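Here are the chains, one letter per residue:
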Amino acid sequence: MDNKIRNGNLYTFLYAAAIVIVVAAILALTAQVLRPRQESNVRTETRLYILRSAGLAGGAYTVKDRNAYVEKEYNRYIKDTAVGPDGLPLFVCTLEDGSKKYIIPLHGTGLWGPIWGYLALDNDFETVYGAVFDHKSETPGLGAEISKEPFSEPFRGKSLYKEGEFVSVSVVKGGKAAGNPNAVDGISGGTITSRAVETMIRECVIKYIPFLKHE
Amino acid sequence: MNKRIFLDPLFKNNPVSVLVLGICSALAVTVKMEPALVMALSVTLVTGFSGLIMSLFRNTVPNRIRIIVQLIVVATLVIVVDQILKAFAYDVSKQLSVFVGLIITNCIIMGRIEAFALGNKPIPAFMDGIGNGLGYGMILVIVSFFRELLGSGTLLGYRIVPQSWYMGNGGFYENNGLMILPPMALIIVGLIIWIFNAGKEWSK
């Protein structure tokens, strides 16, 4: 193409306008077409996390149609979604032996973005039955490790109480939690995210405690 | 010709060790091998296809806004791929979500478009992009191999150093905490550059 036209103002303006319109159309179209599928993936994931915090739905990562599997398991175990204090959600999970676990959703702030998770409690409302965590954009290999089992598994069996007082579960320096019923090991190199998990648990669970104890 | 375009960026003109591009993401994603592999694959695809697309348009893009046009093409490509993954491969997309920003701003992509794709035909531009992505990925994998092995005692999440070796369990071994921290990535990249250059001297 002639260089004089190509570098002229009119051509530059038209080119910029055209590319913006084309790109906007492509992006809007992809977003619209794919939205229903994306939303159902997100819903399945939320439900899967609720189930996983109570140690259920272990087959979800190997099963072929995950959406259907999770839907079925969720309806089987989570029969009751009570409204907690101040209208906060609380999930009641009834296991096969009839025992009930109470699942509290958690929301907090990590290093780069939001973090969240679910904490399942035994029906003494003191002992942690299980926990899962996830994050939007923590550093891969460091803070992002909170979503992996080596971090969340040690929460099982920890106590939120010490000598009758609510102390929550602390996330301490890696290797220092051995034998402490109120602490788990943090992630080396992911200190800020580890602390954020600790804060998140304390701040979210404390709202539920008077409510649960009263029930 | 195409073979040289493809192979040069792996060793002779490696984007990280020779051109020193893309160092920033080498810091962020090399603590573990798994994110390093995801990142390497994504960048390879994006450098390849953005090179191809920009090369197709190379004779129409107005000079004064060419950088903006490149950025739009790269960003659109990454976002569309991310959207498709979100719908059809949700797990992969969750892994990738953190990297989307890092992929778009990776200097290798813009660098190769500016230096190569805008002046060459589509097929060589595509090969050049893939080659550079692989050259970059190779360094990422080497760095993450050492950082994960020495920093966490695992590779791709599998335990390599036996638990019984650790001091905590009565053994003699301790993970090197420095390996997990960002400075170690730069030190390892530095060592790789050194080895590459020393190799070039010897082969003369």
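Residues numbered from 1 in each chain as written. Chains lettered and ligands numbered in written order. Predicted model: local features only at pLDDT ≥ 70, side-chain atom pairs only at ≥ 80, totals over all residues. Heavy atoms only, no water.

With that settled, consider helix α2 (residues 9-53) of chain A. Along α2 of chain A, the largest kink reaches about 55° and is centred on Arg35 of chain A; proline Pro36 of chain A follows within four residues of it. Gly55 of chain A, located one to two residues past α2 of chain A, shows a positive phi value of around 70°. (Bend = angle between axes of the 7 residues up to and from the residue. Helix = DSSP H or I, 4+ residues; strand = E, 2+ residues; numbered from the N terminus.)

A few words now on the packing of aromatic side chains. All names here are of chain A. Inspection of the entire model under this criterion finds eleven aromatic pairs over all chains. With centroids separated by 5.6 Å and ring planes inclined at 65°, the aromatic side chains of Phe151 and Phe155 adopt a geometry described as edge-to-face. Judged by centre distance (5.8 Å) and plane angle (75°), the ring pair of Tyr161 and Phe166 falls under edge-to-face. Taking relative accessible area as the criterion, Tyr161 reaches 12% and is therefore assigned buried. By relative accessible area, which is 21% here, Phe166 ends up partly exposed. (Phe/Tyr/Trp six-rings, centres within 6.5 Å; stacked < 30°, edge-to-face > 60°. Buried < 20%, exposed > 50% of the residue type's maximum accessible area, 1.4 Å probe, protein only.)

Between chain B and chain A, the residue contacts involve 32 residues of the former and 35 residues of the latter. The contact between chain B and chain A buries some 2,800 Å² in all, and 60% of this surface belongs to carbon and sulfur atoms. The salt bridge partner of Glu145 of chain A is Lys32 of chain B, with a shortest N-O separation of 3.3 Å. Looking at the side of chain B that touches chain A element by element, the count peaks at ten residues for helix α4 (residues 66-88) of chain B. (Contact = heavy atoms within 4.5 Å. Buried area = accessible area lost by both parts, 1.4 Å probe. Salt bridge = Lys/Arg side-chain N within 4 Å of Asp/Glu carboxyl O.)

On to the packing of helix α3 (residues 33-56) of chain B against helix α6 (residues 107-115) of chain B. All names here are of chain B. Closest axis-to-axis distance for the α3/α6 pair is 10 Å, and the angle between their directions is 30°. Taken together, the axis directions place α3 and α6 in an arrangement best described as roughly parallel. For the pair α3 and α6, the sense of crossing is right-handed. Facing α3, whose interface residues are Val46, Thr47, Ser50 and Met54, α6 presents Ile108, Ile109 and Ile113. In the contact of α3 with α6, the residues fall into five nonpolar, two polar and no charged. (Axes fitted to C-alpha atoms, helices over the stretch in contact; angles between N-to-C directions. Parallel < 35°, antiparallel > 145°, perpendicular 65-115°, else oblique. Left-handed = near helix turned anticlockwise from the far one by under 90°. Nonpolar A, V, L, I, M, F, W, Y, C, P; charged D, E, K, R; others polar.)

For the rest of this paragraph, the subject is helix α7 (residues 122-152) of chain B. The α-helix winds at 3.6 residues per turn, so residues separated by three or four positions along the chain end up facing the same way. With 31 residues, α7 of chain B extends 43 Å from end C-alpha to end C-alpha; this agrees with the ideal 45 Å at 1.5 Å per step. Among the residues trailing α7 of chain B, Gly153 of chain B stands out with phi positive, at a value near 75°. (Expected span 1.5 Å × (residues − 1).)

The next subject is the packing of α4 of chain B against α6 of chain B. All names here are of chain B. In contact at an axis separation of 11 Å, α4 and α6 are set at 130° when each is read in the N-to-C sense. Between α4 and α6, the interaxial angle falls into the category oblique. With respect to the hand of their crossing, α4 and α6 are arranged in right-handed fashion. The segment α4 lies against α6, with Arg66, Ile67, Gln70, Leu71 and Val74 engaging Ile109, Met110, Ile113 and Glu114. Taken together, the residues of the contact of α4 with α6 break down into six nonpolar, one polar and two charged.

Let us look at the pattern of salt bridges. All chains considered together, the criterion is met by eleven salt bridges over all chains. Of the charged contacts in the structure, one is a salt bridge between Lys148 of chain A and Glu145 of chain A, with a shortest N-O distance of 3.3 Å. A relative accessible area of 16% means that Glu145 of chain A is categorised as buried. The salt bridge involving Glu114 of chain B is made with Arg66 of chain B; its shortest N-O contact spans 2.9 Å. Of this pair, Glu114 of chain B sits in helix α6 while Arg66 of chain B sits in helix α4, placing them 48 residues apart in sequence. For Arg66 of chain B, a relative accessible area of 27% puts it in the partly exposed group. Among the charged side chains, a network of salt bridges with common partners joins Glu73, Arg76 and Glu96 of chain A.

Within chain B, residue pLDDT values average 83, and 98% of them lie at 70 or more. The ipTM assigned to the predicted complex is 0.70, against a pTM of 0.74. (pLDDT = per-residue confidence, 0-100.)

All right, on to the sheet that holds strand β1 (residues 78-80) of chain A then. Residue and element names in this part refer to chain A. With antiparallel pairing, five strands are arranged side by side in an open sheet as β1-β2-β3-β4-β5. Taken across any chain shown, the strands that pair with only one partner, and hence form the sheet edges, are β1 and β5 (128-135). The average angle at which neighbouring strand axes cross in this sheet is 30°, direction not considered. Pairing of β1 with strand β2 (residues 91-94) involves two bridges; the strand directions are antiparallel. When the bridges of β2 are listed, Ile78 appears paired with Cys93. (Pairing = 2+ DSSP bridges.)

Turning to the pairing of strand β3 (residues 100-109) of chain A, a few remarks are in order. Residue and element names in this part refer to chain A. Counting buried positions along β3 yields seven of ten residues, so the element is predominantly enclosed. Where β2 meets β3, four bridges bridge the pair, whose relative direction is antiparallel. Each residue of the ladder has a partner; that of Thr94, found in β3, is Lys100. The pairing of β3 with strand β4 (residues 114-121) spans eight bridges and is antiparallel. Paired with Leu106 across the two strands is Gly117, which belongs to β4. Counted along the chain from β3 to the antiparallel partner β4, the turn is four residues long.

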